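Take a look at the letters that make up each chain.
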Protein chains: 2
Amino acid sequence: VKLTLIFAEAGVDLVPPELWKHPSVKKWASKRGKSPKKCLLDISFHYSAMKELKDWWKRGRPDILHLCLLEALDSPLNRKGMLQVYAHTYAGKIMKFRQDVRIPKNYFRFIGLMEQLLTEGKVPPDSEDPLIKIEDTTLRAITSKCSHIYLMDEMGVKKSALSFAEEIVKHENPCIIIGCFQSGTFSPDIYMLADERVKIFDEALASWTVTSRVLTAIEIKLGLL
Amino acid sequence: VKLTLIFAEAGVDLVPPELWKHPSVKKWASKRGKSPKKCLLDISFHYSAMKELKDWWKRGRPDILHLCLLEALDSPLNRKGMLQVYAHTYAGKIMKFRQDVRIPKNYFRFIGLMEQLLTEGKVPPDSEDPLIKIEDTTLRAITSKCSHIYLMDEMGVKKSALSFAEEIVKHENPCIIIGCFQSGTFSPDIYMLADERVKIFDEALASWTVTSRVLTAIEIKLGLL
């Protein structure tokens, strides 16, 4: 099995043009010696600027993707080469992560990495085989190569973690989509990609908790743990 | 079962007196409008200052504890009230976390929280029943109340995640100790507390990955997932 894991609608984008002149954005950018258009939007630093932004509750949350990536890329499943990780951002960018990329554990360095990725298109910027790149593709194109697409959704059908894992490992190239935003629901486009909506716990769990639970169950089923 | 989970030797302490006058520490403190003695030591910001510090590779890593706490406190096991989380720092402080504490996902806010905790002794500072407090106790006193003490150690005996979990849930109040430092081994004091040393994977895993794997296996065994 080779699992495609997509962190969907992650609030990880550069500051949008309508906020480039906002005082809190300008102050933050100048403190860091960067132009506002090359800074990542982050609700912890740009809360006052973001209040009037469309869908603000789904944006400016690189911290959530950071936690999910650390969870996924250090996983035994990834170490064994059985995982392909993508992130899809609110603005529609698709990031592809090489299996051996090491994500900085420090949040600041992660922000710097994402800024480099979003402005240069790849990391490292001069690499022919980059560790992370922005792919000129769509979620539909990625998922269409997968045999079955599961969407983790608190309104989905409840399955036990192990029986869900058992199903997954029967597929050659299954796909799991995990929402990477703070609140709200997936956009209709995402729902339409899914073959099935699944939950593994009765309460809503954080994105990184869903990630670790699903991956651990698969690792157990595959005898990796 | 009520599991006591201890994150041991976490690199989460205030800047030690010998570094209060170091330029990189002073600059960082003044930028944040704080006295150096009230700032958390962080290798990302104080690398040049830390190079001559004893055991520097085990210190100044609040990011690791941050990830472990987010993993543990959002876990289904904790939500069901079956987990008690402690952190033990390099300098020997013991932090006790209430089950319903919400750890900030943003790293900066987490640093502010730890600084408040370490200077005031509790969070919130004026609470009679704080969400987090520094306990005037020792690891030995905490573990002596537990029926069996497991130390997660890459040099320990390999167990499969599920058979390990099965053992754990047979105890009324087991304890698991997970090292919360970047590299090096536990100090002898920690080894001496353990009844057993266990690993669940052949390669070294990050502290938060060990945390999520062990908790997930227990949650599966208890039928929570």
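Numbering of residues begins from 1 in every chain and follows the order in which that chain's sequence is written. Each chain takes a letter, starting from A, and each ligand takes a number, starting from 1, following the order in which they are written. Only residues with pLDDT of at least 70 get local features here, since the model is predicted, and only at 80 or more are side-chain atom pairs given and counted; chain-wide, interface and lining totals rely on the full set of residues. Note: side-chain values were computed over all heavy atoms of the structure, leaving out hydrogens and water.

**Here's the deal with the overall build of chain A**
Helix and strand labels come from DSSP, where a helix needs a run of H or I of at least four residues and a strand needs a run of E of at least two; each type is numbered from the N terminus. Within chain A one finds nine helices and eight strands. In summary, chain A has a C-alpha radius of gyration of 18 Å against a globular reference of 17 Å for 225 residues, a match within 12%. If one aligns the C-alpha atoms of chain A with their principal axes, the spans along those axes are about 50 × 40 × 30 Å. In this analysis, two residues are considered to be in contact whenever any of their non-hydrogen atoms come within 4.5 Å of each other. Here the contacts in chain A between residues at least 6 apart in sequence split such that 74% fall between residues at least 24 apart. Computation of the radius of gyration draws on C-alpha atoms alone. For the globule rule, the value is 2.2 Å times the number of residues to the power 0.38.

**Comments concerning the sheet that holds strand 7 (residues 174-179) of chain A**
Residues and elements named next belong to chain A. Strand order in this open sheet of eight strands is 4-5-3-2-1-7-6-8, and the pairing throughout is mixed. Either end of the sheet is taken by a strand with one partner, and the two such strands are strand 4 (122-123) and strand 8 (196-199). For two strands to be treated as a pair, DSSP must find at least two bridges joining them. With five bridges joining them, strand 6 (residues 148-158) and strand 7 adopt parallel strand pairing. Looking at the pairing, His148 lines up with Pro174 of strand 7.

**Focus on the relation of the copies chain B and chain A**
Look at the two chain copies: a rotation about an axis and a shift along it is all it takes to match them. Copy-to-copy alignment: least squares on C-alpha atoms, limited to residues at pLDDT 70 or above in both. Superposing chain B onto chain A requires a rotation of 180 degrees together with a translation of 0.0 Å along the rotation axis, leaving an RMSD of 0.0 Å. Considering both components of the superposition, the chain copies are consistent with a two-fold axis. Same-surface contact between copies: 100% of interface residues of chain B are shared with the interface of chain A.

**Focus: the side chain of Asp13 of chain A**
Residues and elements named next belong to chain A. For Asp13, the location among the structural elements is in the loop between strand 1 (3-10) and helix 1 (23-31). Put simply, Asp13 is tucked away with no salt bridge, and the nearest opposite charge, on Arg59, sits 5.9 Å away. Polar contacts here mean pairs of N or O atoms no more than 3.5 Å apart (in protein, one a potential hydrogen donor and the other a potential acceptor; neighbouring residues in sequence count only if both atoms are side-chain atoms). For Asp13, the side chain forms a polar contact with the side chain of Thr89, separated by 2.8 Å. The buried label applies to any residue whose accessible area, calculated with a 1.4 Å probe on protein chains only, is under 20% of its type's maximum; exposed applies above 50%, and partly exposed to all values in between. Just so you know, the count uses Lys and Arg for positive and Asp and Glu for negative, and it drops His and the chain ends. The term salt bridge refers to a pairing of a side-chain nitrogen on Lys or Arg with a carboxyl oxygen on Asp or Glu at a separation within 4 Å.

**What to know about helix 2 (residues 43-50) of chain A**
All names here are of chain A. Among all positions of helix 2, only Ile43, His46, Ala49 and Met50 are buried. The arc enclosing the buried residues of helix 2, seen along the axis, measures out at 110 degrees, which places them on a common side. Residues of helix 2 that are buried sit in contact with helix 1. Two to three positions downstream of the cap, the backbone nitrogen of Ser44 sits 2.8 Å from a side-chain oxygen, assigning the N-cap of helix 2 to Asp42. By definition, the arc is the one covered by directions from the helix axis to the C-beta atoms.

**Let's talk about empty space enclosed by the protein**
As defined here, a cavity is a set of points on a 1 Å grid over the protein atoms alone where a 1.4 Å probe fits but cannot get out. A pocket is an open set with protein on both sides within 12 Å along at least five of seven lines, and residues line them when an atom is within 4 Å of a point. Grid points are joined across faces, edges and corners, and a volume is the space filled by probe spheres set on the points. Summed over the entire model, instances satisfying the criterion amount to two cavities of 30 Å³ or more. Each pocket or cavity is described by its volume, and for the largest cavity that value is around 70 Å³. Lining the largest cavity are Asp63, His66, Leu67, Lys105 and Tyr107 of chain A together with Asp63, His66, Leu67, Lys105 and Tyr107 of chain B. Only helix 3 (62-73) of chain A together with helix 3 (62-73) of chain B provide two or more residues apiece to the lining of the largest cavity. Note on residue classes: Ala, Val, Leu, Ile, Met, Phe, Trp, Tyr, Cys and Pro are nonpolar, Asp, Glu, Lys and Arg are charged, and everything else, Gly too, is polar. Residues belonging to the lining of the largest cavity are distributed by class as follows: four nonpolar, two polar and four charged. Considering only enclosed or pocket space, the second largest cavity measures out at about 60 Å³ in volume. In terms of lining residues, the second largest cavity is bounded by Leu67, Leu70, Glu71 and Trp208 of chain A together with Leu67, Leu70, Glu71 and Trp208 of chain B. Only helix 3 of chain A together with helix 3 of chain B provide two or more residues apiece to the lining of the second largest cavity.

**Here's the deal with helix 9 (residues 207-221) of chain B**
Residue and element names in this part refer to chain B. Between its first and last C-alpha, helix 9 extends 21 Å over 15 residues, near the 21 Å set by a 1.5 Å rise per residue. Most of helix 9 sits inside the fold, with 14 of its 15 residues counted as buried. Two residues or fewer past helix 9, Gly223 is found with a positive phi of approximately 75 degrees. Residue count minus one, scaled by 1.5 Å, sets the expected span of a helix.

**What to know about the packing of helix 1 of chain A against helix 2 of chain A**
Residues and elements named next belong to chain A. Note on geometry: axes are lines fitted to C-alpha atoms, helical ones only across the stretch in contact, with angles between N-to-C directions running from 0 to 180 degrees. Where helix 1 meets helix 2, the axes come as close as 7 Å, and the angle between the chain directions of the two elements is 150 degrees. Accordingly, the angle class assigned to the pair helix 1 and helix 2 is roughly antiparallel. Across from Ser24, Val25 and Trp28 in helix 1, the residues of helix 2 making contact are Phe45, His46, Ser48 and Ala49. Per-class residue counts for the contact of helix 1 with helix 2 are four nonpolar, three polar and no charged. An angle counts as roughly parallel when it lies under 35 degrees, as roughly antiparallel when it exceeds 145, as roughly perpendicular when it falls between 65 and 115, and as oblique in every other case.

**Regarding unusual backbone geometry**
Residues and elements named next belong to chain A. With an omega of -10 degrees, the peptide bond between Val123 and Pro124 qualifies as cis. Mapped onto the fold, Pro124 is located in the loop between strand 4 and strand 5 (132-135). The phi angle at Glu9 is positive, at roughly 55 degrees, despite the residue not being glycine. Positive phi outside glycine occurs at Asp55, with the angle close to 50 degrees. Following the sequence through the fold, Asp55 ends up in the loop between helix 2 and helix 3. Relative accessible area serves as the criterion here: at 23%, Asp55 is assigned to the partly exposed category.

**So, the confidence of the model for chain A**
pLDDT gives the predictor's per-residue confidence on a scale running from 0 to 100. The predicted model of chain A has a mean per-residue pLDDT of 95, with 100% of residues at 70 or higher. Interface predicted TM-score (ipTM) for the complex: 0.91; the corresponding pTM is 0.94.

**Some words on the state of the cysteines**
Cysteine sulfurs are considered disulfide-paired once they come within 2.5 Å of each other. Throughout the structure, instances matching the rule amount to zero disulfides over all chains. Cys146 of chain A takes part in no disulfide bond, and the closest cysteine sulfur to it belongs to Cys175 of chain A, at a distance of 4.4 Å.

**As for the sheet that holds strand 5 (residues 132-135) of chain B**
All names here are of chain B. The strand order 4-5-3-2-1-7-6-8 describes an open sheet built from eight strands, whose pairing is mixed. The open sheet is flanked by strand 4 (122-123) and strand 8 (196-199), the only strands paired with a single partner. One ladder, built from four bridges, connects strand 2 (residues 83-89) with strand 3 (residues 94-97); its direction is antiparallel. Residue His88 lies in a different strand from strand 3, and its bridge partner there is Ile94. Packing of helix 7 (residues 161-170) onto the sheet brings it into contact with strand 1 (3-10), strand 6 (148-158), strand 7 (174-179) and strand 8, and relative to strand 6 it is tilted by some 165 degrees.

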